[in-house]
Amino acid sequence: MRTGITDNRQWENILPIINDIPLDHVTIHPRTAAMQYGGVPDIETAAEMAQKIKHPTVYNGDINTPVQYRQIIEKIPSIAAVMIGRGLLSQPWLAAEIATGTEYTQSIRLEKLRLFHSLIFAQTEKQYINPANILDKIKPFWDYITPQTVDRKKLKAIKKAATLEKYLQIIQTI
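Residues numbered from 1 in each chain as written. Predicted model: local features only at pLDDT ≥ 70, side-chain atom pairs only at ≥ 80, totals over all residues. Heavy atoms only, no water.

> Please set out the pairing of strand E3 (residues 57–60) residue by residue, giving values where relevant.
Side chains Thr57 and Tyr59 of E3 all project onto a buried face; the interleaved residues Val58 and Asn60 project onto the opposite face, where all are buried too. Taken together, the 3 bridges between strand E2 (residues 26–32) and E3 define a ladder with parallel strand orientation. Directly across from Thr27, in E3, lies its bridge partner Val58. Chirality of the crossover, the property in question, places the unit of E2, helix H2 (residues 43–52) and E3 among those that are right-handed. (Buried < 20%, exposed > 50% of the residue type's maximum accessible area, 1.4 Å probe, protein only. Helix = DSSP H or I, 4+ residues; strand = E, 2+ residues; numbered from the N terminus. Pairing = 2+ DSSP bridges. Right-handed = clockwise from strand over helix to strand, strands pointing away.)

Here you go:
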């Protein structure tokens, strides 16, 4: 549930309906629909929503570090769960960092990324025989990986790789 279409307070108008519907939970994404995924999630509004919604609430929005996760848990103690989407796509090790409460070093992050990629690649290779199909399916793996993790030039080279052989050569340098 977003905070509204264009106004951050529009959620209040449908609160009675939401509270009357038998739901297992409500996921709160504290941005307006007009914002899409831009801007900054409104944590204050999310906390208010969590207090006023009768159902268990799940927080969703810009969790990219263990610190951000802890801030949400502290700010909204009634939250039943936290959903991590793009943060986990861009940092496949993030759940482990949150679980341990420790941020990994860059070298450990790269090691985790390489391992995760090799697992995804092995499954992709099993599913598709044609190298061009494998390449088409595996390249989007890198779409959310940030330049803070992998050098921007290498990410650009991955996108430009025209053959599976070239792709694998680039991956070996990460």
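> Describe the nonpolar core, and please don't skip the residues or the numbers.
Residues Leu113, Trp142, Val150, Ile158, Tyr167 and Ile174 are the most contacted members of the largest nonpolar core, which totals 20 residues. The set of elements that each furnish at least two residues to this core consists of helix H6 (106–127), helix H7 (131–138), helix H8 (152–160) and helix H9 (164–171). Contacts of Val150, omitting those with residues within four sequence positions, involve Leu110, Leu113, Trp142, Ile145, Leu155 and Ile174. Counting residues in hydrophobic clusters, the runner-up holds 18 residues, among them Ile28, Ala50, Ile53 and Leu94. (Core = buried A, V, L, I, M, F, W, Y, C linked by side-chain atoms within 4.5 Å. Contact = heavy atoms within 4.5 Å.)

> Let's hear about the sheet that holds strand E4 (residues 81–83): which residues, and what values?
Strands sit in the order E1-E2-E3-E4 across an open sheet of 4 strands; the sheet is parallel. The sheet terminates laterally at strand E1 (2–4) and E4, the two strands that pair on one side only. Taking the axes of each pair of neighbouring strands and ignoring which way they run, one obtains an average angle of 40° across the sheet. Contacts between H2 and the sheet are confined to E1, E2 and E3, with E2 contributing the most and set at about 150° to the helix. (Axes fitted to C-alpha atoms, helices over the stretch in contact; angles between N-to-C directions.)

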